[in-house]
Amino acid sequence: MRLGWFRIKQVLLGLVFLTLLAVITSVVLLEQNQGKADLTPVYDIHRMRVLEDKEGVLQASDLFSQNATTGGQRRDWQELDGPSLAKGQSGSIWWVLLESPAPDLYLSVFNPTVESVTVYSPTAVTEMNGTLQAAFPVQPGKTQVLQAGWGSPSDDSERFIYPVFAISNQGPVLVRLYSRYVQSYTFNWHHAQSFHNQRSWTTTLLGFYVGILTAVMLFNFLSYRKTKDTMLLTFIIFILSVIVHQMALLGIVQLLLPHLAHAVIRQVGVLGGLMSLASALLADSFLRQTKMAWASRALVLAAGASFVVAAVLTWLDQISLVNHLTNTTAIIVVPLTIAFILSLPQIDQVRSRYFTSAWIIMFLAIVVHFLRIQGFIPNTLGTLSLAIVLIVFESFVLASGLAAQTLAYKNQAQANELAFLRAQIQPHFLFNTLNVLAALAPIDGKKTRGLILDFASYLRASFDFQALSQDVTLENELEAIEAYARISQARFENRIQFDFEIEDVGPLRIPNLILQPLVENAIRHGLRQKPEGGRIAIRVQR
C-alpha cells in the first residue's frame with residue numbers, strides 16, 4: 001500500500017509526540033537519579049498563616065504590630081498545612097506569613113497571572129505574646145520590600161515565568177497577594193543553585209510544549225499550501241490562538257518579551273475567548289455540510305459575541321467579569337461541539353472518531369483548568385502542565401483527523417476523475433461491442449464465445465466500484481487490457497494489432513484502470529482515423 005504525504009505526516013507527528021514523552025520521562029528519571037536537591041525546594045513549607053482582607057484596607061505595618069486588632073475586631077490568622085493557598089476566584093486581598101529558614105534564599109510564588117504580589121522582609125523582627133514586633137513603618141534599610149505582577153508598578157522579581165524573589169534576611173516574611181484571574185498560589189524556598197536548575201528545567205519543558213504546537217501548525221500550513229483546504233486554515237488559526245494563549249497563561253511571554261509581558265498577560269481572558277472562537281470555527285468547518293450546520297453557525301456567533309464582549313470588558317478593566325465570561329464560553333462550546341458530532345451518524349466513522357476524541361480531550365483540559373482556577377486543585381506547574389499536555393495531545397489527534405480527511409478527499413477526487421474518464425469512453429465502446437457480437441454470432445460461435453468472456457472480464461474490471469480507489473496488481477490491469485485488445489481487434493477486423501512486451505516486475509501495484517483509458521484513447525483519436533490501421537505496443541520494463 002502506498003505511503004502518501006498525509007500518511008507520512010501522521011507518522012511524523014506521532015514520532016514527535018513520542019519524542020516529547022521520552023524527553024519528559026528522561027527528565028523525570030534524571031531528577032530521581034540525581035537526587036531531589038537539584039530541582040526541588042531546599043526547604044519544604046509544612047505550615048503557613050494566611051489572612052483574608054476583604055475590604056483591602058490592611059497595610060503591612062498593621063500586621064506587624066503589638067496589638068493585632070483593627071477597629072476593635074481581632075484579626076484571625078488561619079493556619080494552613082503545606083505550601084499551597086487555593087482560593088479560586090476570590091476577590092479579596094490575601095496576606096501570607098512565611099518563615100525564611102535561612103538568609104539569601106529565593107522565594108517562588110507560583111502563579112504566572114498574579115496581578116500584584118508584594119513581599120515584606122523586615123530586618124529586625126521578634127515575636128512577643130503571639131504577635132509580631134517589627135521595625136515599622138517601612139523604612140529604607142530596615143525592611144526589604146519587593147514587588148511583581150502584571151498590575152504592579154514595578155518588577156523586583158527574578159526574570160522567570162512566575163514571581164521569584166531574592167530574600168536576603170532570615171525570619172518572618174509577609175506576602176501580600178491579589179489577582180483577578182485566579183487566587184491560587186504555591187510557595188517554595190530555593191537556594192541559588194536549586195532555583196537556577198528549576199528555571200532551566202521549566203523553561204526547557206515549556207519550550208518543548210510550545211515547540212510541538214508550532215510544529216503541528218507548520219505541518220498543517222504546508223498541507224494547506226498544497227490543498228487550499230479551508231478547514232486546515234481554520235485549524236492553523238486555532239493552533240496559533242492556543243500558542244498565544246498558553247504563552248500568556250504560563251508566563252512564557254515574560255521570558256521572551258519582558259517589556260510587553262504585563263500588557264499581554266492582562267489580555268489572558270481575551271486570548272481565552274479568541275481560542276474558544278477559533279475552536280467554534282473549527283467545529284463549524286467540520287459540521288458545515290451536515291444537518292447540524294445551523295447549530296454550529298449559532299455556536300460561532302455566540303463565541304464571537306463572547307470574544308467581543310470580553311475585549312470591551314478588558315478595555316473597561318473588568319478583568320474578573322472577563323474571566324468568568326471566557327471560562328463559561330469554553331465550558332459551553334466544547335461539550336456542545338461533541339454533542340453535535342455524535343448526533344451525525346452520516347459522517348464517516350474514521351473522521352468522526354478523530355474529531356470526537358479531540359474535543360473530548362479538549363474538554364478534559366478545560367476541566368483541569370476550571371478546577372485549578374476555582375481552587376479545587378492546587379495551582380502548580382504540574383497542574384498547568386497537565387492541561388497543556390492534554391491540549392498538545394488534542395492538537396495531534398485533530399491534525400491526524402484532518403490528515404485522514406484530506407487523504408479521503410484526495411482519494412475521492414481521484415475516484416471521481418477516473419469515473420468521469422470511464423463515463424466518456426464506455427458508451428460507444430459498449431454499443432459497438434454488442435453490435436460486433438451480434439454480427440459475429442451466426443458466423444463463428446466459438447470466437448463469439450471467447451469475445452463474450454473477454455467482454456465479461458472487461459465489464460467486471462470496469463464496474464468494480466469498490467476497487468476504484470484501491471490499487472491493483474499490474475498483472476490484473478494487463479489482463480483487463482488484453483481482453484479489451486481482443487475485443488478491439490474483432491471490432492476493427494484486425495486493422496489494429498497489439499504487441500505486449502512484459503517483463504517480470506514482481507508484485508507491482510498501480511491505481512485501478514489507469515492504463516486502459518490510455519489504450520482506448522490511442523485507438524479513438526489515433527489509429528481509428530487511419531484506413532490502414534496500425535499497431536499499439538505495450539511494454540513493461542524494470
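Only a predicted model underlies this, so the values are computations on that prediction, with no experimental measurement involved.

Considerations on the overall build of the protein
A count of helical and extended segments in the protein gives 14 helices and 18 strands. Taking the intrachain contacts of the protein between residues at least 6 apart in sequence as the baseline, contacts between residues at least 24 apart amount to 80%. Accessible area of the protein: about 26,300 Å², with a carbon and sulfur share of 59%.

A word on the pattern of salt bridges
Under the defined criterion, the tally for this structure stands at 9 salt bridges. In this structure, the salt-bridge partner of Glu115 is Arg180, at a minimum N-O distance of 2.8 Å. Taken together, the positions of Glu115 in the loop between β7 (105-110) and β8 (116-122) and Arg180 in the loop between β13 (171-178) and β14 (184-190) put the pair 65 residues apart, joining distant regions of the chain. Taken as a pair, Glu115 and Arg180 share a single burial class, namely buried. One network of salt bridges, with partners in common, ties together Arg47, Arg49, Glu79 and Asp81.

Focus: the packing of helix α4 (residues 230-249) against helix α7 (residues 268-287)
For the pair α4 and α7, interaxial distance at closest approach is 9 Å and the crossing angle is 160°. On the basis of the axis angle, α4 is roughly antiparallel to α7. Crossing hand, α4 versus α7: left-handed. Residue-level inspection shows Met231, Thr234, Phe235, Ile237, Phe238, Ser241, Val242, Val244, His245, Ala248 and Leu249 of α4 in contact with α7, the latter providing Val268, Leu271, Gly272, Leu274, Met275, Ala278, Ser279, Leu281, Leu282, Ser285 and Phe286.

Notes on the sheet that holds strand β4 (residues 78-81)
As summarised here, the arrangement of the 6 strands in space is β4-β1-β6-β13-β8-β11, forming an open sheet in which the pairing is antiparallel. Two strands bound the open sheet, and with one partner strand each, they are β4 and β11 (143-148). Each neighbouring strand pair of the sheet contributes to a mean axis angle of 25°, computed without reference to strand direction. The pairing of strand β1 (residues 47-53) with β4 spans 4 bridges and is classified as antiparallel. Note that in β4 the partner of Arg49 across the bridge is Glu79.

Concerning the packing of aromatic side chains
Counted under the stated rule, the structure contains 9 aromatic pairs. Ring centres 4.7 Å apart and planes at 65° place the aromatic pair Phe160 and Tyr162 in the edge-to-face group. The exposure class of Phe160 is buried, given its relative accessible area of 2%. Grouping aromatic residues by their ring pairs yields a cluster made of Tyr106, Phe110, Phe160, Tyr162 and Phe195.

Notes on helix α14 (residues 516-524)
Residue pairs three or four apart in sequence face the same way in an α-helix, which turns once every 3.6 residues. Of the positions making up α14, those classed as buried are Gln516, Pro517, Val519, Glu520 and Ile523. Across the axial projection of α14, the buried residues extend over an arc of 160°, all falling on one side.

What about α4?
For α4, spanning 20 residues, the distance from its first C-alpha to its last is 28 Å, which sits close to the expected 28 Å at 1.5 Å a residue. Burial within α4 is extensive, with 15 of its 20 residues counted as buried. At the exit of α4 stands Gly251, carrying a positive phi of roughly 80°.

Side note on the nonpolar core
Counting residues in each nonpolar core, the largest one holds 78 residues, and the members touching the most others are Phe235, Phe238, Ile243, Leu282, Phe355, Trp359 and Leu398. With near-sequence residues (within four places) excluded, Ile243 lies in contact with Val210, Leu213, Thr214 and Met217. Residues Leu80, Ala148, Leu177 and Trp189 belong to the second largest nonpolar core, which totals 25 residues.

Focus: the side chain of Asn169
Secondary-structure assignment places Asn169 in the loop between β12 (164-167) and β13. For Asn169, a relative accessible area of 16% translates into the label buried. In terms of polar contacts, Asn169 uses its side chain to reach the side chain of Ser168, at 3.5 Å.

Regarding the confidence of the model for the protein
Of the residues in the protein, 79% have a pLDDT of 70 or more, and the chain-wide mean is 76. Note that residues 1-6 has pLDDT below 50 and, in this model, 11 contacts with residues that lie over four places away or in other chains. In the predicted structure, residues 66-73 sits below a pLDDT of 50 and forms 11 contacts with residues beyond four places in sequence or in another chain.

Considerations on the packing of helix α3 (residues 192-227) against α4
Axis separation between α3 and α4 bottoms out at 9 Å; the angle between their running directions is 160°. Comparing their axes, α4 and α3 come out roughly antiparallel. Between α3 and α4 lies a crossing whose hand is left-handed. Here α3 contributes Val210, Leu213, Thr214, Val216, Met217, Asn220, Phe221, Ser223, Tyr224 and Thr227 to the contact with α4, which in turn contributes Leu232, Leu233, Phe235, Ile236, Ile239, Leu240, Val242, Ile243 and Met247.

Brief notes about a nonpolar patch on the surface
Together, Val308, Val312, Trp315 and Leu316 make up a nonpolar patch on the protein surface, roughly 460 Å² of accessible area in all. Within the secondary structure, Trp315 is located in helix α8 (residues 293-315).

Describing the side chain of His245
Along the chain, the position of His245 falls in helix α4. Exposure remark for His245: the relative accessible area of 7% places this residue in the buried category. Those residues in contact with His245, other than ones at most four positions away along the chain, are Val268, Leu271, Gly272 and Met275.

What to know about the sheet that holds strand β5 (residues 84-86)
The sheet built from 4 strands is open, its strands ordered β5-β14-β7-β12 with antiparallel pairing. The open sheet has two edge strands with one neighbour each: β5 and β12. Averaged over all pairs of adjacent strands, the angle between strand axes in this sheet comes to 15°, irrespective of strand direction. Across the sheet, α3 lies against β7, β12 and β14, angled at about 130° from β14, the strand it touches most.

What counts, and at which threshold
- Residues numbered from 1 in each chain as written.
- Predicted model: local features only at pLDDT ≥ 70, side-chain atom pairs only at ≥ 80, totals over all residues.
- Heavy atoms only, no water.
- Helix = DSSP H or I, 4+ residues; strand = E, 2+ residues; numbered from the N terminus.
- Contact = heavy atoms within 4.5 Å.
- Areas by Shrake-Rupley, 256 points an atom, 1.4 Å probe, with all protein chains shown as cover.
- Salt bridge = Lys/Arg side-chain N within 4 Å of Asp/Glu carboxyl O.
- Buried < 20%, exposed > 50% of the residue type's maximum accessible area, 1.4 Å probe, protein only.
- Axes fitted to C-alpha atoms, helices over the stretch in contact; angles between N-to-C directions.
- Parallel < 35°, antiparallel > 145°, perpendicular 65-115°, else oblique.
- Left-handed = near helix turned anticlockwise from the far one by under 90°.
- Pairing = 2+ DSSP bridges.
- Phe/Tyr/Trp six-rings, centres within 6.5 Å; stacked < 30°, edge-to-face > 60°.
- Arc of directions from axis to C-beta.
- Expected span 1.5 Å × (residues − 1).
- Core = buried A, V, L, I, M, F, W, Y, C linked by side-chain atoms within 4.5 Å.
- Polar contact = N/O pair within 3.5 Å; in protein donor to acceptor, adjacent residues only side chain to side chain.
- pLDDT = per-residue confidence, 0-100.
- Patch = residues over 30% accessible without salt bridge, like charges linked within 9 Å, V, L, I, M, F, W, Y side chains within 5 Å.

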